[in-house]
Amino acid sequence: MNILSKKNYVLTVCFLSLACYVLSQDLSSVSGLKNYLKSQETNTQKIVKVITKETKEIEKPTFSINKTSFGSFSKDIKHIRAKQLSVENQLYGLFGFDKNYSFAQMSPITDELGFVHTNYLIYYKGYLVDDQMIMIHQKDGIITSINGVVKSLNDPLINIAVSDQQAFDNAREGIAVEQLVDIFPIETVFVRLDGDVFRLAKKVKIFSIQPLKKYYAYIDAHTGKLLRKISLMYCSDVEGQAHTYYNGMQLITCDHDDGVYKLKDNARKIMTYNGANWKGNDKEAPPENLIYTNATANWVDEDMRPALQVHWGIEKTYDYYLKVHQRNGYDNKQAPVYNIYNPVIMDITGKMFNASALSGSGILLYGRGGLDANGVTYKPLVLLDIAAHEYTHLVTSRSNAGGLTYFSESGALNESFSDIFATAVDFYTGINPNWLLGEGIISDRPFIRSMSDPGSEQLLVSYRQPDTYKGKYWEFTGKDNAGVHTNSGVQNYWFYLLCQGGTGTNDKGDNYSVTGIGMDAASKIAYRNLMMYLPMSAQYIDAYYGSLSAAKDLYGEGSQQYKSVIDAWYAVGVDSLIPTPCKGEKRLVAIETAGTFTDGSGDGMYKKNSNCSWVIKSVADKIIQLEFVNFELEGADNDGSMSDYVSVYDGATESAPLIGKYCGNILPPLLKSTKNEILVTFISDKSVQKQGFEVRYSAVVPTSINNLNLDNKIVVYPNPTSEQIFVSFKESQSAVNIFICDILGKIVKEVSLSQVYTNEEVNINVEDLPSGVYTLRVVGDKLNTLHKMIVNK
Ligand SMILES: [Zn+2]
């Protein structure tokens, strides 16, 4: 939740002399890399193995991976019964990696269902590729699925001209902080920027108290520029027998020693502090003397009520995770939690009213509320659902992948999981269980977020969220870490529908109907997805994949739970992201001289959301000829735009010249490349499926004839023309179709003839066509040609 991101701090300038940690390691050798990797170990997972090409030959993959443009993928490979080592040996081949890449296998995690989850980090020339990961899941020694986010780096510049000290100084300046809490080690990593550009950067952690900021800053290793900053604070929006602030009298656990009662739950390791004198330090527990105390076990002091509220709330949240998910503490190792209420140091103006969790520690901060810049008054940010929301940020940071990057879609998912489990805790305690968050927190609105109606008109406009992926209220700008508190509404609504069920029409106009599976099953699926399947840079498509894997593990593929997960993602518009692999090989490299391939659907319709490509390659002195023998795709729209189409490129990649783009049911002409390779791609959207296509390819000797006018079976004249055009046939044909298409590919004239005879001329009136360039396609039983035609008036 977030209020603070929308408000400017008064910046107080303080000075602190700084020393800088300098990392220098020899990364040129495998052992150097190994040592370097070891130094990067986190406290939860260790690197157990480094995989480099030198240690084994590249193995030919036994299955293929279909990635989205972001690099997200998920593949169920249970049926091939692969062992971990065998898939490890195929990693280079699967992702098309060369010897510049290496992998680090992290220590595996075994879950309560007996699945073993192993993550692999990716390195390019010895440098970690930040936020990219391969996750392998297995049961009984057999791999069930593999998923992750992997994107090739495309030969990035490696030039380190910036020292760690410079990077540190630039990060401090870029984040605009003066007084730092601590100095952290600096890593050199590849960071991915917009447009899929990877830059080598120094990753600098900045933690400042005045103003309160905690970030990773990525400083370009070559230029020293601040490339990106990722927030490490997960902010909240609103914003014993204990008299709590919102929930009346509740039972709490507190410490009793020598006549003094403390807000200290020794069993759960939850301590609650008065933030008035806290100095701000996330490296160690706040001083013991700041813990709230009382003379009796009956806590009724009015001023203490907000603190009592969070103490109780975190106890309930702890119990929820323990009872429902068998999770012992946010890190599952019972790390202590430090609640700090009213940490006045956070804002020199004394208006600290937000709530937030500090990444990397067990510290949760709760503001006392107050008046914001827009004149809205907030009560203390200590509601049970806010406490549970913040606690869940700590849980998320300890997921199998190491968290969800607090930026863009991964940040929105991070926020959404906090809302999901906050709601689940509300239902668990049974105190006012509903689908609203932050009820009664602000002065003139009843709540600050709704899971069941994310865009509710009862919300302040700035708190409204989308219920459809990229639908109404979706935040497309970079604001608020690229929309983390807004775009979370999509998964929130997914969760609501999954629990409760519902019907409706989403912003994309799709009608949906979801059968609810209840809070228990829905929250177990969400929890397992978060913990075991989501890579750090997860997008909505990864949440889709991971939730299905989780539902499959827990309830089976034939279950209602599995079906409802799919239906609920359809309801929120995420299904449109799913690339459906064409059956068979995605990438066909033909070394034989001829063959055929199809869209992969056999006799049936092609798949929705197909995104397939085939590369045909021959020996060096030949070129590739393509002959479409069947072709039936959805036609172009009136404006000429194509939703399902085949593209052919004169080369092996999409950056090669486009030979043509085809849709509808007219056979494309005979096509030839100019080199020894050709790329065919097939894209379909989610609506309207047709029979598809079949194409014959052959390696032929190059000729100088333009492939658009390959044969002289017909003559077209006059060209240019103003009134009519004649098509003269050199030999008899049956089932002749003549099409004239405008420059957008839209058919403007169509003539069908069951038979034409040798030397017959067919006359087509083009008087009504505006001046311009057209294509004239003639298809018969023995020909298929394309001509350029100009109408000139
Ligand atoms: Zn949050």
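Residues numbered from 1 in each chain as written. Predicted model: local features only at pLDDT ≥ 70, side-chain atom pairs only at ≥ 80, totals over all residues. Heavy atoms only, no water.

## Here we look at the overall build of the protein chain
What counts here: Secondary structure counts use DSSP, requiring at least four H or I residues in a row for a helix and at least two E residues in a row for a strand, with both numbered from the N terminus. Accessibility throughout is a Shrake-Rupley quantity obtained with a 1.4 Å probe, and a residue counts as covered only by protein chains that appear here.
A count of helices and strands for the protein chain gives 11 helices and 45 strands. When the accessible surface of the protein chain is split by element, carbon and sulfur atoms take 49% of a total near 32,000 Å².

## Describing the packing of helix α4 (residues 305-325) against helix α6 (residues 408-429)
To keep things clear, this is the line we draw: Only the stretch in contact is used when fitting a helix axis, every axis being a line fitted to C-alpha atoms; angles between N-to-C directions are given from 0 to 180 degrees. Note on angle classes: values under 35 degrees are labelled roughly parallel, values over 145 roughly antiparallel, values of 65 to 115 roughly perpendicular, and the remainder oblique. Working rule for contacts: check all heavy atoms of both residues, and any pair within 4.5 Å makes them a contact. We call Asp, Glu, Lys and Arg charged. Ala, Val, Leu, Ile, Met, Phe, Trp, Tyr, Cys and Pro are nonpolar, and the rest, Gly among them, are polar.
In contact at an axis separation of 10 Å, α4 and α6 are set at 90° when each is read in the N-to-C sense. With respect to α6, the element α4 is oriented roughly perpendicular. Residues Lys316, Thr317, Asp319, Tyr320, Tyr321, Lys323, Val324 and His325 of α4 form the contact with α6, whose participating residues are Phe421, Ala424, Val425, Tyr428 and Thr429. Residues belonging to the contact of α4 with α6 are distributed by class as follows: 7 nonpolar, 3 polar and 3 charged.

## Description of the sheet that holds strand β33 (residues 623-632)
Strand-to-strand pairing in sheets goes through backbone hydrogen bonds, with the strands running parallel or antiparallel. Threshold: Two strands qualify as a pair provided DSSP detects at least 2 bridges between them.
Pairing is antiparallel in the open sheet, where 4 strands are placed in the order β31-β38-β33-β36. One side of each edge strand has no neighbouring strand; the edge strands of this open sheet are β31 (594-598) and β36 (671-672). As defined by bridge partners, β33 adjoins β36 across 2 bridges and the pair is classed as antiparallel. Considered in β36, the bridge of glutamine 625 is made with lysine 672.

## Describing the pairing of strand β3 (residues 101-106)
Which entries qualify depends on this criterion: Each residue is placed in one exposure class: buried if its accessible area under a 1.4 Å probe, protein chains only, is under 20% of its type's maximum, exposed if it is over 50%, and partly exposed if it falls in between.
Of all 6 residues in β3, 6 are buried, a share of seventy percent or more. Both faces of β3 are covered, namely the face carrying Tyr101, Phe103 and Gln105 and the face carrying Ser102, Ala104 and Met106. The pairing of strand β1 (residues 47-51) with β3 spans 4 bridges and is antiparallel. Bridging across to β3, lysine 49 finds its partner in glutamine 105. Pairing of β3 with strand β5 (residues 115-124), which is carried by 5 bridges, proceeds in the antiparallel orientation. Across the sheet, the residue bridging to serine 102 is tyrosine 123, located in β5.

## Let's talk about the confidence of the model for the protein chain
Caution applies to low-pLDDT regions: their predicted coordinates should not be interpreted in detail. Under the convention used in this document: Every residue is assigned a pLDDT by the predictor, reflecting its confidence on a scale from 0 to 100.
Per-residue pLDDT for the protein chain averages 82, and the proportion of residues at 70 or more is 86%. Scored below 50 in pLDDT, residues 705-710 shows 9 contacts in the model against residues more than four places distant or in partner chains.

## Some details on the environment of leucine 633
Relative to the helices and strands, leucine 633 resides in the loop between β33 and β34 (645-649). Each C-alpha atom of the pair leucine 633 and serine 684 lies 8.8 Å from the other, and the pair is 51 residues apart in sequence. Other than its neighbours up to four places away in sequence, leucine 633 contacts Tyr606, Asp644, Tyr645, Val646, Tyr662, Cys663, Gly664, Asn665, Phe682, Lys690, Gly692 and Phe693.

## A word on the pattern of salt bridges
Cut-off, in case you're wondering: Basic side-chain nitrogens of Lys or Arg form a salt bridge, by our definition, when they fall within 4 Å of a carboxyl oxygen of Asp or Glu.
According to the stated counting rule, one finds 23 salt bridges in the structure shown. The partner of arginine 268 in a salt bridge is aspartate 319, and the shortest N-O contact between them spans 2.7 Å. Remark: aspartate 319 occurs in helix α4 and arginine 268 occurs in the loop between β18 (264-265) and β19 (270-274); sequence separation between them is 51 residues. The salt bridge involving aspartate 553 is made with arginine 528; its shortest N-O contact spans 3.0 Å. In this pair, aspartate 553 is assigned in helix α10 (residues 540-555) and arginine 528 in helix α9 (residues 518-533), connecting sequence segments 25 residues apart.

## Side note on the nonpolar core
This is how the line gets drawn: Throughout this description, the term nonpolar core refers to a set of buried Ala, Val, Leu, Ile, Met, Phe, Trp, Tyr and Cys residues connected via side-chain atoms within 4.5 Å. For the purposes of this description, domain bounds are those given by an automatic or database domain assignment.
Core analysis: the biggest nonpolar cluster contains 108 residues, and Trp299, Tyr366, Tyr391, Phe417, Phe421, Phe495 and Trp569 have the highest contact counts within it. Considering each element in turn, this core owes the most residues, 10 residues, to α9. Each of domain 3 (241-398) and domain 4 (413-577) gives at least three residues to this core. Beyond its immediate stretch of four places on either side in the chain, phenylalanine 495 contacts Ile420, Trp435, Met451, Met519, Ala522, Ser523 and Ala526.

## What to know about the side chain of serine 559
Heads up, the condition is: Polar contact is defined as a pair of N or O atoms within 3.5 Å, subject to the rule that within protein one atom must be able to donate a hydrogen and the other to accept it, and that residues adjacent in sequence are counted only when both atoms are side-chain atoms.
Checked against the element boundaries, serine 559 lands in the loop between α10 and α11 (560-571). A polar atom in the side chain of serine 559 sits 2.7 Å from the backbone oxygen of glycine 556.

## Comments concerning the sheet that holds β34
Sheet architecture is open: 4 strands sit in the order β32-β37-β34-β35, paired in antiparallel fashion. Both edges of this open sheet fall to β32 (611-617) and β35 (658-662), since each of them pairs with a single strand only. Strand-to-strand twist of the sheet, defined as the mean angle between neighbouring strand axes without regard to direction, takes the value 15°. Note that β32 and strand β37 (residues 677-683) share 7 bridges and pair antiparallel. What sits directly across from valine 615, in β37, is leucine 679.

## Some remarks on a nonpolar patch on the surface
Here is the rule: Patch construction takes residues with relative accessible area above 30% that form no salt bridge. Like charges are linked within 9 Å, and nonpolar side chains (Val, Leu, Ile, Met, Phe, Trp, Tyr) are linked within 5 Å.
On the surface, Ile743, Val773 and Ile790 cluster together into a nonpolar patch covering about 270 Å² of accessible area. Relative to the elements of secondary structure, isoleucine 790 occurs in strand β45 (residues 784-791). A relative accessible area of 30% places isoleucine 790 in the partly exposed class.

## What about the environment of tyrosine 463?
By secondary structure assignment, the location of tyrosine 463 is in the loop between β28 (449-450) and α7 (479-483). On the basis of relative accessibility, which here comes to 8%, the residue tyrosine 463 falls in the buried class. For the pair tyrosine 463 and arginine 449, spaced 14 residues apart in sequence, the C-alpha separation works out to 6.8 Å. A distance of 2.9 Å separates the side chain of tyrosine 463 from the side chain of tyrosine 378, its partner in a polar contact.

## Overview of the packing of aromatic side chains
Formally: Any two rings among Phe, Tyr and Trp, with Trp reduced to its six-membered ring, count as a pair given centres within 6.5 Å; such a pair is stacked if its planes are under 30 degrees apart, edge-to-face if over 60, and tilted if neither. A ring has a charge above it when a Lys NZ or an Arg CZ is no more than 6 Å from the ring centre and no more than 35 degrees off the ring normal.
According to the stated counting rule, one finds 35 aromatic pairs in the structure shown. Relative to tyrosine 246, the ring of tyrosine 245 has its centre 4.8 Å away and its plane inclined at 70°; by these criteria the two rings are edge-to-face. In this structure tyrosine 245 comes out as partly exposed when scored by relative accessible area, which is 34%. Here tyrosine 246 falls in the partly exposed class, since its relative accessible area comes to 22%. Here the guanidinium or amino end of arginine 192 rests over the ring plane of phenylalanine 70, the centre of that ring lying 4.0 Å away.

## A word on the environment of isoleucine 616
Positionally, isoleucine 616 belongs in strand β32. Residue classification places isoleucine 616 among the buried positions, given a relative accessible area of 1%. Sequence separation between isoleucine 616 and asparagine 676 is 60 residues; the distance between their C-alpha atoms is 8.2 Å.

## Quick notes on the pairing of strand β41 (residues 733-741)
As paired strands, β41 and strand β42 (residues 747-756) are joined by 8 bridges and run antiparallel to one another. Among the inter-strand pairings, isoleucine 738 is bridged to a residue of β42, identified as valine 751.

## Thoughts on unusual backbone geometry
In the Ramachandran plot, aspartate 140 falls in the positive-phi region, its phi being about 50° despite a non-glycine side chain. A positive phi angle, close to 65°, is found at asparagine 332, a residue other than glycine. For asparagine 332, the location among the structural elements is in the loop between α4 and β22 (337-341).

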